[in-house]
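# Structural description and commentary
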Amino acid sequence: MRNIQADAKPVTERSIQQRVAMKLEVAVIPVSDVDRAKRFYADLGWRLDADFARADGSRAVQLTPPGSPTSIQLGTGPLLYLVVSDIEAARAELIARGVDVSEVFHRGPQGRLSGPDPDRPSYGSLATFSDPDGNAWLIQQVTRRLPGRVEGDTTFASSSELAWALRRAAAAHGEHEKRIGQSDANWPDWHADYIIREQTGKETSA
């Protein structure tokens, strides 16, 4: 096994202050019948966020209790999701703290594939780690929300998370200025609108 301590960088007070935001957003609960469980939680009035087949053929069914920032997914075994805006930075921080984190990977038709998804889609790049008792965690990079996943939530947990959102908005605004063929003096409003739309899963193209 790789020597994690050899790879680890010292965790300083400054690095802790600048740490990557990692949001506990999903808990996978084991069920024996996905459709039966889906009906049960839907009857409780929980919002159905997703029901689709992943690239590897597995089924993703996610529901959220009313007003909850955390959701459940129906699966075959327990798993906890940490959502981040920069998976490489999150992985580097965990390694610096002595955690044995997997390489970044994405899902394909044959299962796990090494490296981030080539198309860099939101929700596409993943990494995993476990605690000393074997509790499994999945890190997932999310930069643009699926429609309906959040209801107007534009809160940022750290300055670095906001900075990444501003960088994505700036890159998109540069493409916007290319399309209109001139400088856009109204860029602050454009940036703000882009970030809110990105966070709430709305269309962000100009």
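So, a few notes on the structure that sits alongside this text. (Residues numbered from 1 in each chain as written. Predicted model: local features only at pLDDT ≥ 70, side-chain atom pairs only at ≥ 80, totals over all residues. Heavy atoms only, no water.)

By size, the foremost hydrophobic cluster in this structure holds 13 residues, and its most contacted members are Val84, Ile87, Leu94, Val101, Ala127, Phe129 and Ile139. Non-local contacts of Leu94, meaning those with residues more than four positions away in its chain, are made with Met22, Val99, Val101, Phe129 and Ile139. (Core = buried A, V, L, I, M, F, W, Y, C linked by side-chain atoms within 4.5 Å. Buried < 20%, exposed > 50% of the residue type's maximum accessible area, 1.4 Å probe, protein only. Contact = heavy atoms within 4.5 Å.)

Phi is positive for Arg120, which is not a glycine, with a value near 55°. With respect to the helices, strands and loops of the structure, Arg120 is situated in the loop between strand 7 (111-114) and strand 8 (126-130). Of note, Tyr123 is a non-glycine position whose phi angle comes to about 75°, a positive value. Looking at where Tyr123 falls in the secondary structure, it is placed in the loop between strand 7 and strand 8. You can call Tyr123 partly exposed: its relative accessible area is 22%. (Helix = DSSP H or I, 4+ residues; strand = E, 2+ residues; numbered from the N terminus.)

Each aromatic ring pair is described using two quantities: the centre-to-centre distance and the angle formed by the ring planes. Within the structure shown, the criterion is met by three aromatic pairs. On the basis of an interplanar angle of 35° and a centroid distance of 4.8 Å, the ring pair of Tyr41 and Trp46 is categorised as tilted. Residue Tyr41 is classed as buried on the basis of its relative accessible area of 17%. Ring centres of Phe129 and Trp137 lie 6.1 Å apart, and the angle between their planes is 5°; on these two criteria the pair is classed as stacked. (Phe/Tyr/Trp six-rings, centres within 6.5 Å; stacked < 30°, edge-to-face > 60°.)

Turning to helix 4 (residues 87-96), a few remarks are in order. Burial of helix 4 is extensive: seven of the ten residues sit out of reach of the surface. All of the buried residues in helix 4 are Ile87, Ala90, Arg91, Glu93, Leu94, Ile95 and Ala96. Measuring from the backbone nitrogen of Glu88 back to the side-chain oxygen at the start of helix 4 gives 3.2 Å, which picks out Asp86 as the cap. Within two residues after helix 4, Gly98 carries a phi angle of roughly 90°, on the positive side. (Polar contact = N/O pair within 3.5 Å; in protein donor to acceptor, adjacent residues only side chain to side chain.)

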